[in-house]
Amino acid sequence: MSSSYANHPPPLLSFARVTSFLTCILVALASGTNYVFSAYGPQLGERLKLTHTQINIVGLSGNIGVYGTAPIWGGIVDRKGPRLMMVMAFFSLLIGYLGIRQFFVNGLPDDDSSIGLLSFCALVFCGFLTGIGGNGGLVGSMNSTAKSFPDKTRATANGIVISGFGLSAFLFSTIAHTLFPGNTSSFLLVLAIGTALPMILGFLFVRPIPPPHIDSTRRLEDGTSDSPADYGVGEGLGTSSPTTYSVENTSHTHLLAHDEDEEDEDTRAPAIELEEEEPLVSSTHAQATSDYIVPGQVDSVALSPTRAGLTRHRSHSSRSMSRRSIQTHLDKTTDGQPNIHGKRLFKTLDFWLLFTICSLLSGTGLMYINNVGAISQALFANKNPDYDEIKAAQWQATQVSTVSVMNCLGRILIGVIADFTKVKLRLPRSACIVLVALMFVVSQFMCFSIDRIGNLWKASALLGVAYGGLFGLFPTLVIEWFGLPHFSENWGFVSLSPMLGGNIFSIAFGRNVDAHDPDASPSSSSDNSTISNTAVAALSTLASSFLPSSTPSPSASAPSITPSPISTLSSALTGAGSVHARGGVPSSHHCIMGRECYVDSIKMTIAACCVALALGVYAAWRDLRRHRARRVPAVVVWEDEE
């Protein structure tokens, strides 16, 4: 749909661009409900008698849907545009949340003590649908935004759109708890309808609008420069590029600064041997007017007119134009910007640095976001004789809202900080990786030290900012390091990383909490363990290797609140379903030992974040060195003719 603006892009603040941008924000708001799982996950687990490990598996199914489909959806959006994604997102979100709601409404049959394997798999599939739907809407919005704004404002614009993705949990949690307090069924219905309807608007209005004054780079924005035949051997010399030779060069010809820019069209020949020194212009060349054009923004060195007795020769420092330069042209677009994708992406160290850092940090964030409800309940129930389910749900909603709001704020702030770092400080945006990783480390130390529910908001706020900063910064780094033509596809491959870290850390958290649950009966644990091991046996085994074996201390082998004989009899008759049936403590499958329930998992994430911080420092240093190398001016040496 953006083809009508290809030759004459509208102004930056045109109606079409602003409409598309605002709709992208709305679609992103409807796409981030994966983060609201903690607002209904514990209630869903109580209703279906799920263990913490099973609850984490359901939550992770949504994460797998979001991050596992990212490369596929990214490739489709790069080639087909965002409209197809909006259609897919509409049906996936509607069916997924309606399915989860149906499971919650039906509950378990009276004669069943745990959910069956087939039903559990169906519940996991519904969670997976919500993930792929949310990711479809987000990918379409991010792609359109990235292609609609120039480089100087791209990080800020993308940060604003992605902030909607982070604010989604707060929006829907607030709506549900304001209009339907304590009604999880209505909350799930709001999620189903509220996430699906904005996709219709996205289908109508979301589209890439080329930035103004970039007619010569239209192919870059449209992502059509896919064939190596479209590229010259140098940095951006192609057959249709404004930097293409039309006639033989004269002494008035500009000499591009970088050595990889100094190669002629003759290097297109299959057999390329450029090891020997050759004159730039033969002495027998006739004087002719060249229409070789160099845009004003290109870094170049103009040679003075021909002088008697002088011949132009390349300097010794630029004689290594070569196979390295030949390979370089494959990774450049026609205007000299990076264009790395496909197999070449996986051969770059930059990709694996981003992948590893994102896996460690996003895994930490997902573990906390998916389980902050369980953390708040554990802290609230610890040594609390006046435990109340409604107040516990309020604390739970408070943590979800805090993470969501700060997640949104972090995505906006990191975009502004990244642009300021590059434009004003003249440093690469990758320097902000260190800031993001440092916030993760501090948030985990803070969570480790908190033992009261009233202070948990501090850890939630800091982690929300850090998590938002992570996903606000990394898409821009993908564009800077690998290029815009295949941005969605490349970002999709980087987005696979949260599946690794998120699954390991979240499953480990669930197993850790289950190990500290004094109320889990052996038979129930055995049945649930069979289901869990069948669903994610490999992930559970890998996760357990990160945790030391821990058993509840003797003093914690029983609940801190001793139920009365009356409440014990009531629990036996009613199946232990209500708060009052357990003498003022949470219902079954809830750990009530405070921070002891999860502290081992926090130790694991602290170590992971410290490793990510070290890798972030290395990535920033490596990128800074690369940027400084690009600023070295070219040296042109004139030699007297013998």
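Below or above, wherever it landed, is the structure these notes cover. (Residues numbered from 1 in each chain as written. Predicted model: local features only at pLDDT ≥ 70, side-chain atom pairs only at ≥ 80, totals over all residues. Heavy atoms only, no water.)

## Some details on the overall build of the chain
Reasoning step 1: Of regular secondary structure, the chain possesses 20 helices and 4 strands.
Reasoning step 2: Within the chain, the proportion of its 642 residues that are buried is 55%. (Helix = DSSP H or I, 4+ residues; strand = E, 2+ residues; numbered from the N terminus. Buried < 20%, exposed > 50% of the residue type's maximum accessible area, 1.4 Å probe, protein only.)

## Details of helix H3 (residues 52–68)
Reasoning step 1: With 17 residues, H3 ought to run about 24 Å at 1.5 Å a step, and its terminal C-alpha atoms sit 23 Å apart, in line with that.
Reasoning step 2: Taken across its 17 residues, H3 has 15 buried, putting it largely inside the fold. (Expected span 1.5 Å × (residues − 1).)

## So, the nonpolar core
Reasoning step 1: Residues Tyr40, Leu354, Leu361, Tyr368, Leu473, Phe474 and Tyr598 are the most contacted members of the largest nonpolar core, which totals 125 residues.
Reasoning step 2: The element contributing the most residues to this core is helix H12 (residues 349–381), with 18 residues.
Reasoning step 3: If we ignore the near neighbours within four places in the chain, the residues touching tyrosine 598 are Ile375, Leu379, Cys447, Ile450, Phe509, Asn512 and Val513. (Core = buried A, V, L, I, M, F, W, Y, C linked by side-chain atoms within 4.5 Å. Contact = heavy atoms within 4.5 Å.)

## Comments concerning the packing of aromatic side chains
Reasoning step 1: Tallied over the full model, the rule gives 19 aromatic pairs.
Reasoning step 2: With 6.0 Å between their ring centres and 25 degrees between their planes, tyrosine 67 and phenylalanine 471 make a pair best called stacked. One end of the pair, tyrosine 67, is in helix H3; the other, phenylalanine 471, is in helix H15 (residues 456–482), and 404 residues separate them in sequence. In terms of burial, tyrosine 67 and phenylalanine 471 fall into one category: buried. (Phe/Tyr/Trp six-rings, centres within 6.5 Å; stacked < 30°, edge-to-face > 60°.)

## Observations regarding the side chain of glutamate 480
Reasoning step 1: Looking at the secondary structure, you find glutamate 480 in helix H15.
Reasoning step 2: Within polar-contact distance, the side chain of glutamate 480 engages the side chain of arginine 429 at 2.5 Å.
Reasoning step 3: Apart from residues no more than four positions distant in its own chain, glutamate 480 is found in contact with Pro338, Lys422 and Arg429. (Polar contact = N/O pair within 3.5 Å; in protein donor to acceptor, adjacent residues only side chain to side chain.)

## Overview of the packing of helix H2 (residues 37–48) against H3
Reasoning step 1: At a minimum axis separation of 10 Å, H2 and H3 run at an interaxial angle of 140 degrees. With respect to H3, the element H2 is oriented oblique. As for the relative orientation of H2 and H3, their crossing is right-handed in sense. Note on element contacts: H3 touches H2 through Ile55, Val58 and Gly59, opposite Phe37, Gly41, Leu44 and Gly45. (Axes fitted to C-alpha atoms, helices over the stretch in contact; angles between N-to-C directions. Parallel < 35°, antiparallel > 145°, perpendicular 65-115°, else oblique. Left-handed = near helix turned anticlockwise from the far one by under 90°.)

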